[in-house]
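Okay, here's what each chain looks like letter by letter:
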Amino acid sequence: MKESYFPQQIEKKWQKIWEETGAFKTPDNSEKPKYFALSMFPYPSGKLHMGHVRNYTITDVIARFKKANGYNVLHPMGWDSFGLPAENAAMKHGADPETWTDENIKYMTKQLKMLGLSYDWDREVTTCKPDYYKWTQWLFLQLYKKGLAYKKEAAVNWCDNCATVLANEQVIDGKCWRCDGIVEKKYLSQWFLKITDYAEVLLKDLDKLPGWGDNVKTMQANWIGKSQGAIFKFKVKEIEGLEVPVYTTRPDTVYGITYLVVAPEYKDIEKLTTAENKKAVEEYRANARKMSEIERLSTERIKTGVPLGTHCINPFNGEEFPLWTADYALVEYGTGAVMAVPAHDTRDYDFAQKYKLPLKVVIQNPEKPSDCKDEAYTDSGILVNSNEFNGMKNEEAKKVIIEKSVKEGFGEFKTQYRLRDWLISRQRYWGAPIPVVYCDKCGIVPVDEKDLPVRLPKDVDFSVVGKSPITTSKSFLDTVCPHCGGPAKRETDTMDTFMCSSWYYMRYSDAKNNKKPFDRDLVNKWLPVDQYVGGIEHAILHLLYSRFFTKALKDLELLDFDEPFKNLLTQGMVLKDGAKMSKSKGNTVDPDEIFENYGADTARLFILSDSPPARDFDWSDAGVEGCYKFLNRVWRLVATNAENIDLNASINGKTFSKENDNLIRTVHMAIKGITNDISNDFQFNTVISKYRELTNAIYDWQSKKSQLSDEDKTVLSFAIVALLKLMSPVAVHLTEEAWHELGASTSIHDEPWLAWDENLAKLSSITLVVQVNGKVKDKIEVDEGLSQDEMKNIALNSPKIKELTTGKEIVKIIVVPKKLVNIVIKP
RNA sequence: GGGCAUGUGGUGGAAUGGUAGACACGCUAGUCUUAGGAACUAGUGCUAACGCGUGGGAGUUCGAGUCUCUUCAUGCCCACCA
């Protein structure tokens, strides 16, 4: 065995052998229990970045660990390959998006293979291929038939740069999530999925996910945004028969209303405006329309509004108050109208201050009454000025006040969600065409299932501006109506790529099926995903959509489970010098260079070593170097001892010298510690520190031996075999090469994981810690298995302790078995 | 403004309520080398020392990095959602 470590040669060699022998193929049928380990599949942008390396290494180590522990592991990979960058590249370089995407996939596949990942490539899924998007389209049709996909005219988020609409989830601070362009509101007829039908169950079932982090769950819960309250209807004084309904979560403050606000886009606003106020209201509304989302959402912006001239009547007490329009009321939430209670709501307070509107106190803190002149009182308290409800606690009043409104016919209980329906149309080329046609006679008609897929046309002009390139195709647009056979036009919108990624993990269970998206038995066998690993940036978008899809497909009886991902690990970002790696900052590290200079095993080891997976990881060149040196150290340890190592040596049933016994104990402790660290939240950073501890221990042991006896060789063999096996999920190539150099003929990756002996996984002696008043004052080496009294005596007889306790009154003595004695004295 | 995280040496980070700083990076000496950015050995929280030390302040406990309250700072997510 060569004493020098040449990762590049070793890695290429084994990658080839593994591929040729089909080492990572996953059979559908196996006696073993299943385990589905999944990384979020990448967008084929061109090259892997370190975030990918981290993500896939984490999942790969999990997959290999589970495989060694007796599971039939499904560990697939695929490509989220529809999307705008391909189209932009096409526009820039004149390349076909398909060619551009294919080339990227080819290159990135090569990189993934160089990383030594244990994927079953037979199950590869590529969302832009017709054999995949056919089924995305098919699923759309099933949702359409079930009434979960619909088209409607709506104010949508429009990004001019990308010339397409965006889902609410894709608008960040009023800007486009992709290009940072300013998002405007436009009225367009668009396709939506009815995710709001599932709002309640999507919220409630978060409780079924103990394997998800609370941060992700609260983010989803906040996004769904459930609130409970009431709708009250207010009669308009000037107009017979017209009512303005409002949604409120504070029905207890209903006696404190002093005005009412409707959104500028409110449907009845023109009717509610008097002739004198018409001009001012029109101006205000025109201005609101022009404002971008960013300006409008700005918190710092001072609230503005204008009166409409009309009034409403409070049905609870007959009071009259004016109607205003102001853009702090949102047309798309609740009813688009708000009852304003300046005394008990900070926004209403600010507005009332500005326009000198009155305020009326109806909730009081009995300990600290306030007239609310200086600020709104928004905490709980006792009702005042509220007729029969005076003296009630406001939390109790909420219910009875709504009950009164229900009984008298002007109100109802109402649960409201902030979640909106999912807008899935995109006016872009590189996506799955929405499979419907428009017929003059029959209207919207779904494409016949047997005619799927609706293929993307090739005869398109990518240089067009301001509209989708797909509309330039001559072959695509005209078709016949599947219903009446008459002439019809195809839908030119394509689907949001998040549709494609909402079900890809199901396709892995039956990737080659050309009869259906997946076989029901196979999807039920492999899913849900046992461990999903990916970035926190998908906490809302992808993960919420996927949960919705799973529930909808269950209702369509295509599968039998209701949550797609049992356990979720959200990995932290990869940083360099404390900042996120990005091309614009110029602080990226190219994985290819790392593979070339140090090898994949070093990259894998390092990316797991410094931080726990959920935390951000700071890339350092010195750290890479350190990992490379460590692998060299391991290699040298094995190589210099190759002649002394017998893979078949057994320590069972033998007794050993003290120092050999100690090395055996160290190995058992390492097996136990590493197994527990992986099982417990995948703490790979401590796993790797235990590799180092074990390696150091073997070197130490060896440095005390000038010559090895047969017993020594047996113990050394035991330790080295354990070290290699424990390291095999991480340093996949090095351990395989060493394993074979030591004479094995089968793969180390087919060896079972190691078991430890609880009696050996601890030190033979213990350190007795002696404290006085909780402070450590002495440490004494003692045998294990002392009685509590013996421990106490040893502690009290220690010279250091005697010195401290002489002449002092001992109040009590605490003894923790096998650990410590704490002597409490009076000071 | 709301929610969720996170605060431990020069740095990344370890610590079932029981020896704080495992394991590394870095640094300082030294050995071996023509040389070393290789390898190995020793040291490395602060303090001259008594001692002091897990962002600050309180509390529970025989004992707190860990539990409770409070406060500050940083990061992320949401944000005029009535």
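Whatever comes next refers back to the structure up there.
Because the structure is predicted, anything quoted here is derived from the model rather than measured.

### Comments concerning the nonpolar core
Right, on to step 1. Grouped together as the largest cluster of nonpolar side chains are 182 residues, with contacts concentrated most on Phe140, Trp422, Tyr504, Phe549, Trp619 and Tyr691.
Right, on to step 2. The element contributing the most residues to this core is helix α23 (residues 710–727), with eleven residues.
Right, on to step 3. Not counting residues up to four positions away in its chain, the partners in contact with tyrosine 691 are Leu605, Phe630, Ile674, Leu723, Leu726, Met727 and Val730.
Right, on to step 4. One finds Tyr255, Val261, Ala337 and Cys372 within the second-largest nonpolar core, a separate group that totals 49 residues.

### What about the protein's contact with RNA strand B?
Right, on to step 1. In the vicinity of RNA strand B lie 54 residues, with Thr249, Lys303, Arg347, Arg633 and Asn822 positioned nearest.
Right, on to step 2. Within 4 Å of the protein, the contacting atoms of RNA strand B are drawn from sugar and phosphate to the extent of 63%.
Right, on to step 3. Taking threonine 249, its main chain carries an N or O atom lying 2.5 Å from a sugar or linking oxygen of RNA strand B.
Right, on to step 4. At six residues, the largest contribution of residues to the surface near RNA strand B is made by helix α22 (residues 684–703).

### Quick notes on the packing of aromatic side chains
Right, on to step 1. Taken as a whole, this structure holds 44 aromatic pairs when the rule is applied.
Right, on to step 2. Plain terms: the ring middles of phenylalanine 82 and tyrosine 133 are 5.5 Å apart, the flat faces sit at 45 degrees to each other, and that makes the pair tilted. Here tyrosine 133 lies in helix α5 (residues 130–145) and phenylalanine 82 lies in the loop between β3 (78–79) and α3 (84–93), a separation of 51 residues in the sequence.
Right, on to step 3. Both rings, one in phenylalanine 351 and one in tyrosine 355, keep their centres 4.9 Å apart while their planes meet at 50 degrees; by these two values the pair is tilted. With phenylalanine 351 and tyrosine 355 both in helix α11 (residues 346–355) and four residues apart, this pair spans about one turn of that helix.
Right, on to step 4. Of the residues examined, phenylalanine 351 reaches a relative accessible area of 0% and is grouped as buried.
Right, on to step 5. Joined through ring pairs, the aromatic side chains of Phe41, Tyr504, Tyr505, Tyr508, Tyr532 and Phe565 make up one cluster.
Right, on to step 6. One residue, lysine 152, lies across the ring of phenylalanine 192, its end atom 4.8 Å from the ring centre.
Right, on to step 7. One cation-aromatic arrangement involves lysine 303 over tyrosine 328; the distance from NZ or CZ to the ring centre is 5.7 Å.

### Quick notes on the pattern of salt bridges
Right, on to step 1. Following the criterion strictly, the structure yields 52 salt bridges and no others.
Right, on to step 2. A salt bridge links lysine 208 to aspartate 562, with the nearest nitrogen and oxygen atoms 2.8 Å apart. Of this pair, lysine 208 sits in the loop between α6 (199–204) and α7 (214–224) while aspartate 562 sits in the loop between α17 (541–555) and β27 (568–571); the two residues are 354 residues apart in sequence, bridging distant segments of the chain.
Right, on to step 3. Overall, the relative accessible area of 47% leaves lysine 208 in the partly exposed class.
Right, on to step 4. Given a relative accessible area of 23%, aspartate 562 falls into the partly exposed group.

### A word on the environment of aspartate 268
Right, on to step 1. Note on placement: aspartate 268 falls in the loop between β12 (259–262) and α8 (269–272).
Right, on to step 2. Given the relative accessible area of 12%, aspartate 268 is considered buried.
Right, on to step 3. Spatially, the C-alpha atom of aspartate 268 lies 26 Å from that of leucine 359, the residues being 91 residues apart in sequence.

### Structural notes on the sheet that holds strand β28 (residues 574–576)
Across a sheet, strands are paired by hydrogen bonds formed along the backbone, either parallel or antiparallel in direction.
Right, on to step 1. Strand order in the open sheet formed by three strands is β29-β28-β30, with mixed pairing between adjacent strands. The open sheet has two edge strands, β29 (579–580) and β30 (617–619), and neither has a second partner.
Right, on to step 2. Where β28 and β30 come together, three bridges link them in parallel fashion. Bridge pairing in β30 links valine 574 to phenylalanine 617.

### Some details on the side chain of lysine 360
Right, on to step 1. With respect to the helices and strands, the residue lysine 360 is situated in the loop between α11 and β16 (363–364).
Right, on to step 2. A polar contact of 2.8 Å, which involves the side chain of lysine 360, links it to the backbone oxygen of tyrosine 255.
Right, on to step 3. A distance of 2.8 Å separates a polar atom in the side chain of lysine 360 from a polar atom in the side chain of glutamate 319.
Right, on to step 4. Other than its neighbours up to four places away in sequence, lysine 360 contacts Tyr255, Gly256, Thr258, Asn317, Glu319, Ala343, His344 and Asn385.

### Things to note about a negative patch on the surface
Right, on to step 1. Taken together, the side chains of Asp577, Asp610, Asp616, Asp618, Asp621 and Glu625 present a region of like negative charge at the surface.
Right, on to step 2. Counting through the fold element by element, aspartate 618 comes out in strand β30.

### Observations regarding α7
Right, on to step 1. For α7, the full list of buried residues reads Val216, Lys217, Gln220 and Ile224. Viewed end-on, α7 has its buried residues packed into an arc of 100 degrees, placing them on one side of the element. Of the exposed residues in α7, the ones pointing more than 90 degrees away from its buried face are Asp214 and Asn222.
Right, on to step 2. Buried-residue contacts for α7 involve α6, α17 and β27.
Right, on to step 3. Downstream of α7 by a residue or two, glycine 225 has a phi angle that is positive, lying close to 60 degrees.

Quick notes on the rules
Residues numbered from 1 in each chain as written. Chains lettered and ligands numbered in written order. Predicted model: local features only at pLDDT ≥ 70, side-chain atom pairs only at ≥ 80, totals over all residues. Heavy atoms only, no water. Core = buried A, V, L, I, M, F, W, Y, C linked by side-chain atoms within 4.5 Å. Buried < 20%, exposed > 50% of the residue type's maximum accessible area, 1.4 Å probe, protein only. Helix = DSSP H or I, 4+ residues; strand = E, 2+ residues; numbered from the N terminus. Contact = heavy atoms within 4.5 Å. Near = heavy atom within 4 Å. Polar contact = N/O pair within 3.5 Å; in protein donor to acceptor, adjacent residues only side chain to side chain. Phe/Tyr/Trp six-rings, centres within 6.5 Å; stacked < 30°, edge-to-face > 60°. Lys NZ or Arg CZ within 6 Å of the ring centre and 35° of its normal. Salt bridge = Lys/Arg side-chain N within 4 Å of Asp/Glu carboxyl O. Pairing = 2+ DSSP bridges. Patch = residues over 30% accessible without salt bridge, like charges linked within 9 Å, V, L, I, M, F, W, Y side chains within 5 Å. Areas by Shrake-Rupley, 256 points an atom, 1.4 Å probe, with all protein chains shown as cover. Lys, Arg positive; Asp, Glu negative; His and termini not counted. Charge placed at Lys NZ, Arg CZ, Asp CG, Glu CD. Arc of directions from axis to C-beta.

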